[in-house]
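Remarks on the overall topology
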Amino acid sequence: MGALSHLPILLGALGLGVIVVRLPRRPLMILTNLTMGILAWIPLVVKRHVGWGYAVIIGGDFFIQTALYVDELSHNAYLKYLVTSRQLPEAEGILQSAASGGFMVGLGVVLGLLKYGTVPSFLVWSTVGCAMTSALILLLPQDTKPVSVHATPQSLFQMSRTGLAYLFREGELRWYTY
Amino acid sequence: MITESKAPIEILPRAFPWLVSTDVLATMATSVYTMVILYVIQAH
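Within each chain, residues carry numbers counting from 1 in the order of the written sequence. For naming, the first written chain is A and the first written ligand is 1, with later ones following in the order written. In view of the model being predicted, local features appear only for residues whose pLDDT reaches at least 70, and side-chain atom pairs are presented and counted only at 80 or more, with totals across whole chains, interfaces and linings using the full set of residues. Calculation of side-chain values draws on the structure's entire complement of heavy atoms; hydrogens and water are dropped beforehand.

All names here are of chain A. Contact geometry for helix 4 (residues 25-39) and helix 8 (residues 119-138): axes closest at 8 Å, N-to-C directions at 170 degrees. With respect to helix 8, the axis of helix 4 lies roughly antiparallel. In this structure, helix 4 uses Arg26, Met29, Ile30, Asn33, Leu34, Met36 and Gly37 to contact helix 8, whose residues at the interface are Thr127, Cys130, Ala131, Thr133, Ser134, Ile137 and Leu138. In terms of residue class, the contact of helix 4 with helix 8 is built from 8 nonpolar, 5 polar and 1 charged. As a rule, the C-alpha atoms of each element are fitted with a line to give its axis, helices using only the stretch in contact, and angles between N-to-C directions run from 0 to 180 degrees. What counts as a helix is a DSSP run of H or I of at least four residues, what counts as a strand is a run of E of at least two, and both are numbered from the N terminus. Any angle that falls under 35 degrees is termed roughly parallel, while one over 145 is termed roughly antiparallel, one within 65 to 115 roughly perpendicular, and all others oblique. Throughout, a contact is declared for two residues whenever any of their heavy atoms are within 4.5 Å. Residues are sorted three ways: Asp, Glu, Lys and Arg are charged, Ala, Val, Leu, Ile, Met, Phe, Trp, Tyr, Cys and Pro are nonpolar, and all the rest, Gly among them, are polar.

Glancing now at helix 7 (residues 88-113) of chain A. In an α-helix, one turn spans 3.6 residues, which is why side chains three or four residues apart end up on the same side. Residue count minus one, scaled by 1.5 Å, sets the expected span of a helix. Compared with an ideal rise of 1.5 Å per residue, which puts 26 residues at 38 Å, helix 7 of chain A spans 37 Å between its outermost C-alpha atoms and is within 8% of the ideal. Along helix 7 of chain A, the positions that sit buried rather than exposed are Ala91, Glu92, Leu95, Ala99, Gly102, Gly106, Leu107 and Val110 of chain A. The classification of residues rests on relative accessible area computed with a 1.4 Å probe and restricted to protein chains. Under 20% of the type maximum is buried, over 50% is exposed, and intermediate values are partly exposed.

With that settled, consider the interface of chain A and chain B. Listed as interface residues are 48 residues of chain A and, on the opposing side, 32 residues of chain B. For the pair chain A and chain B, the two sides together bury roughly 3800 Å², of which 80% comes from carbon and sulfur. Only one rule defines a salt bridge in this text: a Lys or Arg side-chain nitrogen within 4 Å of an Asp or Glu carboxyl oxygen. Across the contact surface, chain A and chain B share 0 salt bridges. Contacts described as polar in this section are N or O atom pairs within 3.5 Å, which, within protein, must combine one atom able to donate a hydrogen with one able to accept it, while residues neighboring in sequence count only if both atoms come from side chains. Joining chain A to chain B, the criterion identifies 8 residue pairs in polar contact (both at pLDDT 80 or more). Buried area adds together the accessible area that both of two parts lose upon being put together, with accessible area traced by a 1.4 Å probe.

This brings us to the layout of surface pockets. Unoccupied space between atoms shows up once a probe the size of one water molecule is rolled over them. The space that makes up the second largest pocket amounts to roughly 220 Å³. Site definitions follow a grid-based scheme: protein atoms alone, a 1 Å grid, a 1.4 Å probe that fits but cannot get out for cavities, and for pockets an open set with protein on both sides within 12 Å along at least five of seven lines, plus lining residues having an atom within 4 Å of a point. Lining the second largest pocket are 14 residues, and of these Val109, Trp125 and Ser126 of chain A together with Met28 and Val32 of chain B lie nearest its centre. Sorting the residues of the lining of the second largest pocket by element identifies helix 7 and helix 8 of chain A together with helix 1 (15-43) of chain B as the ones contributing at least two each. Here the lining of the second largest pocket gets 6 residues from one element, more than from any other, and that element is helix 8 of chain A. Classifying every residue of the lining of the second largest pocket by side-chain character gives 11 nonpolar, 3 polar and no charged. Grid points are joined across faces, edges and corners, and a volume is the space filled by probe spheres set on the points.

So, about a nonpolar patch on the surface. Residue and element names in this part refer to chain A. Grouping into patches uses exposed residues only, defined as over 30% relative accessible area, and leaves out salt-bridged ones; the cut-off is 9 Å for like charges and 5 Å for nonpolar side chains (Val, Leu, Ile, Met, Phe, Trp, Tyr). Reported accessibility uses the Shrake-Rupley method at a 1.4 Å probe radius. Residues are deemed covered only where the shown protein chains occlude them. Nonpolar side chains collect at one region of the surface, where Leu4, Leu7, Leu10 and Leu11 lie side by side and expose about 390 Å² of accessible area between them. In terms of residue count, helix 2 (residues 7-12) provides more of the nonpolar patch than any other element does, 3 residues in total. If you trace the backbone, Leu11 turns up in helix 2. Given the relative accessible area of 60%, Leu11 is considered exposed.

What follows concerns the nonpolar core. Nonpolar core, defined: a set of buried Ala, Val, Leu, Ile, Met, Phe, Trp, Tyr and Cys residues in which side-chain atoms within 4.5 Å join the residues together. One finds Met36, Ile57, Ile64, Val119 and Leu123 of chain A together with Val36 of chain B to be the most contacted residues of the largest nonpolar core, which totals 23 residues. The set of elements that each furnish at least two residues to this core consists of helix 4, helix 5 (42-49), helix 6 (53-82), helix 7 and helix 8 of chain A together with helix 1 of chain B. When residues in this core are grouped by element, the largest group, 8 residues, is from helix 1 of chain B. Here Ile64 of chain A is in contact with Met36, Leu39 and Ala40 of chain A together with Tyr33 of chain B, once residues within four sequence places are set aside. With 15 residues, the next largest nonpolar core counts Met29 and Tyr78 of chain A together with Leu12 and Val20 of chain B among its residues.

Now for the pattern of salt bridges. All names here are of chain A. Scanning the model with the defined rule gives 1 salt bridge over all chains in all. The closest approach of N and O atoms between Asp143 and Arg25, which form a salt bridge, is 3.9 Å. Note that Asp143 is positioned in the loop between helix 8 and helix 9 (153-169) and Arg25 in helix 4, a separation of 118 residues in sequence. Summarising the burial analysis for this pair, Asp143 and Arg25 share the class buried.

Before going further, it helps to examine the packing of aromatic side chains. Planes of paired rings set the category: under 30 degrees apart is stacked, over 60 is edge-to-face and the rest tilted, where pairs are Phe, Tyr or Trp rings (Trp by its six-membered ring) whose centres lie within 6.5 Å. This structure, assessed with the given rule, holds 2 aromatic pairs over all chains. Between Phe62 of chain A and Phe63 of chain A the ring centres are 5.7 Å apart and the planes differ by 80 degrees, which places this aromatic pair in the edge-to-face class.

See the structure below:
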């Protein structure tokens, strides 16, 4: 299950970023958060109403992890619009550290409250959190128009190759990529 | 005496903490989901 959760990142690492920077990021962040809020209910609905639920639970998790990955990419792409290139390393560091902190806090809260709440009540909190995130994103400034919406699979592949070549040319970035 | 010139400190835009807040909230919501799915699988 843990390994499968990383599959979207492995599959999408090369191409999704190229696609995300060609889409309006703010609506994308809103859409992915709402998608996560809805998909989070799949395990419970499946467990209650479908007997053969295990495969669907894993399938649902694959889609939610993909949505989360696209959400992270949109945040990073939006960050490039928000701060200058000199501020980007600092801003990226703060953003990633804060997000990791948020994940740990969420885990801790659920672990601490598990015996006091029911699964549906936690899912309500998760969905409310995603909905609130979407609402808060609406208050962020509109980002600039994406570079181009016209791209062929061949050009996306070529851009992914160019991006990878850049990462491997720069020593520090190469280790960051690993 | 030669004094070292310091680069001006660039202040991150006001919207940046807002972006961080949305990211933290999203990851918190997702971690709640992750815990719940593990719990559901364990009980399955």
